[in-house]
Amino acid sequence: MASPYVLVFLSSLLIAISFRSSLADDGVAGGVGENGDIIIRQVVGHGEEGVVDENSLLNADHHFAIFKRKYGKAYATQEEHDYRFSVFKKNLRRARRHQKLDPSAVHGVTQFSDLTPREFRRQFLGVNRRLRLPADANKAPILPTNDLPTDFDWRDHGAVTPVKNQGSCGSCWSFSTTGALEGASFLATGNLVSLSEQQLVDCDHECDPEEKGSCDSGCGGGLMNSAFEYTLKAGGLMREEDYPYTGTDRGACKFDENKIAAKVANFSVVSLDEDQIAANLVKSGPLAVAINAVYMQTYLRGVSCPYICSRRLDHGVLLVGYGAAGYAPIRLKEKPYWIIKNSWGEHWGQDGYYKICRGHNVCGVDSMVSSVAAVAISQ
Ligand SMILES: *[C@@H]1O[C@H](CO)[C@@H](O)[C@H](O)[C@H]1NC(C)=O
């Protein structure tokens, strides 16, 4: 499969950011226009914690104090403290810009509000882009789409483990991988077993033979398809409890093949078509997907549907369901969305989840979608 989509937004993030801010400054922002502020205030209510309005920008001191308390932030020196406060203020303005460009979601202060976008990408994302498919990947079959349910959520069917937390390590790809295999194993065996990301972080160094330097590398990033390939070759993944997550990639590989809890039968790449993605999700279980996470740094809740979002993929997550009509203000209502399980703990977003609108590959969410099938082994 050719992958021109990954190249669609070759323009750097900087360009994207300045484009966005100039839009926001001009008050164009997709038609929110001069009433934008009023709409935003109506949507988010008054003085709610974590939500950014013009008041927050005036009272940045106060909001920084709340932020530090809420997330237990302590800085070693006054200098560091002052620097983090300056970053925090920039992020308040960013959240405000995101709010204007993404009015059907609510943006504000999150646990990442004292990080620059660059620090955020480095510490909390971790998808290494790749343009080719691994040798063993199939293309998912084209499925019928006429009988798809209007709403679907694998959490209602017991196929999804609780939200996990990757910590400050670019290992998102391993959580996306375990999430997909946990679901596939559940479908194959009827048992939901939490699987080990740390095994992937420590032991999976699978490389793309055609692309030099594109290898799974612990906290330095990786790819879900490579991780499926590793899991196929290694024999399987151990349980989370037998190989617990540490959030560092400095330990040796402790894989024990006598303790394999889930095995990959095969994995396939799903086409860009959103109905095919939905059909594969319903048929095969939660899907491993990559996304551009720039709006996720400030996301609090709602359906994220930004007017502009890069499709440069930098974060691996798990697609677990979809809905037909998400909550959205006034003229944006009835927005269909994908339900995405993230790996930043359950205090991020909506109980650890993200909703992003369906329909036009927003933030690249349709660009790199994989489905995995598990071998039905007895637990
Ligand atoms: C993948 O494995 C599953 C389970 O063993 C099997 O039913 C399916 O036909 C396989 N798909 C492909 C494309 O080989």
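Shown above is the structure to which this text applies.
Keep in mind that what you see is a predicted model, and the values were worked out from it rather than measured.

Undergrad: Can you explain the overall build of the protein chain? Please cite residues and give values.
TA: A tally of regular secondary structure across the protein chain gives 10 helices and 11 strands. Burial status across the protein chain gives 49% buried among its 379 residues. In the protein chain, the share of contacts with a sequence separation of at least 24, taken over all contacts with a separation of at least 6, comes to 75%.

Undergrad: Hey, could you go over the environment of glutamate 197 for me, with residue numbers and the actual values?
TA: Structurally, glutamate 197 is set in helix 8 (residues 197-203). The exposure class assigned to glutamate 197 is buried, which follows from the 30 C-beta atoms found within 10 Å. Along the backbone, glutamate 197 and phenylalanine 175 are 22 residues apart, and their C-alpha atoms lie at a distance of 6.0 Å. The residues touching glutamate 197, leaving out its near neighbours within four places in the chain, are Ser171, Ser174, Phe175, Thr178 and Tyr245.

Undergrad: Would you mind going over the nonpolar core in detail, with residue names and values included?
TA: Membership of the largest hydrophobic core comes to 90 residues, with the highest contact counts inside it found for Leu181, Leu287, Val289, Ile340, Ile356 and Val372. Shared between two domains, this core takes at least three residues from each, and those domains are domain 1 (4-123) and domain 2 (126-375). Apart from the residues lying within four places of it in its own chain, the contact partners of valine 372 are Ala180, Leu181, Ala184, Phe228, Val264 and Phe267.

Undergrad: Requested: an account of the site of the ligand, with residues and values cited.
TA: As a structural note, the neighbourhood of the ligand is formed by Asn138, Ala265, Asn266, Ser268 and Ala373. Across the shell around the ligand, the residue classes break down as two nonpolar, three polar and no charged.

Undergrad: Go over the environment of threonine 189, please, and point to the residues and values.
TA: Looking at where threonine 189 falls in the secondary structure, it is placed in helix 7 (residues 172-189). Classification of threonine 189 as partly exposed rests on a count of 17 C-beta atoms within 10 Å. Considering only alpha carbons, one finds threonine 189 and serine 378, 189 residues apart in sequence, at a separation of 7.1 Å.

Undergrad: Got a sec to walk through the pairing of strand 10 (residues 353-357)? Specific residues and values, please.
TA: Judged by how many residues are buried, strand 10 sits mostly within the fold: five of five residues are covered. Where burial is concerned, the two faces of strand 10 agree: the one with Tyr353, Lys355 and Cys357 and the one with Tyr354 and Ile356 are both buried. Both strand 7 (residues 299-304) and strand 10 contribute to a ladder of two bridges, which runs parallel. Across the sheet, serine 304 pairs through a bridge with isoleucine 356, a residue of strand 10. Bridge count for strand 9 (residues 335-341) against strand 10 is five bridges, and the pairing is antiparallel. Across the sheet, lysine 341 pairs through a bridge with tyrosine 353, a residue of strand 10.

Undergrad: Describe in detail unusual backbone geometry, supporting the description with residues and values.
TA: Phi is positive for aspartate 351, close to 55 degrees, though the residue is something other than glycine. With respect to the helices and strands, aspartate 351 occurs in the loop between strand 9 and strand 10. At asparagine 361, a residue that is not glycine, the phi angle is positive and equals roughly 55 degrees. Tracing the backbone through its elements, the reader meets asparagine 361 in the loop between strand 10 and strand 11 (369-375). Overall, asparagine 361 belongs to the partly exposed group, with 15 C-beta atoms counted inside 10 Å.

Undergrad: Can you explain helix 4 (residues 60-70)? Please cite residues and give values.
TA: His63, Phe64 and Phe67 are the residues of helix 4 that are buried. Taken down its axis, helix 4 places every buried residue within 100 degrees of arc, on the same side. Counted as exposed and oriented over 90 degrees from the buried face of helix 4: Asp61, His62, Ala65 and Arg69. Following helix 4 by one or two positions, glycine 72 has its phi on the positive side, about 60 degrees.

Undergrad: Tell me about the packing of helix 4 against helix 5 (residues 78-101), residues and numbers included.
TA: To characterise two packed helices, one gives the angle between the axes of the helices and the distance between these axes. Two elements in contact, helix 4 and helix 5, have axes whose closest approach is 10 Å; the angle formed by their N-to-C orientations is 105 degrees. The orientation of helix 4 with respect to helix 5, classified from their angle, is roughly perpendicular. The segment helix 4 lies against helix 5, with Ala60, His63, Phe64 and Phe67 engaging Phe85, Phe88, Lys89 and Leu92. Of the residues assigned to the contact of helix 4 with helix 5, the class counts are six nonpolar, one polar and one charged.

Each value, and the rule that gives it
Residues numbered from 1 in each chain as written. Predicted model: local features only at pLDDT ≥ 70, side-chain atom pairs only at ≥ 80, totals over all residues. Helix = DSSP H or I, 4+ residues; strand = E, 2+ residues; numbered from the N terminus. Buried ≥ 20, exposed ≤ 12 C-beta atoms within 10 Å, placed from the backbone. Contact = placed C-beta atoms within 7 Å. Core = buried A, V, L, I, M, F, W, Y, C linked by C-beta atoms within 7 Å. Domains from an automatic or database assignment. Near = placed C-beta within 6 Å. Nonpolar A, V, L, I, M, F, W, Y, C, P; charged D, E, K, R; others polar. Pairing = 2+ DSSP bridges. Arc of directions from axis to C-beta. Axes fitted to C-alpha atoms, helices over the stretch in contact; angles between N-to-C directions. Parallel < 35°, antiparallel > 145°, perpendicular 65-115°, else oblique.

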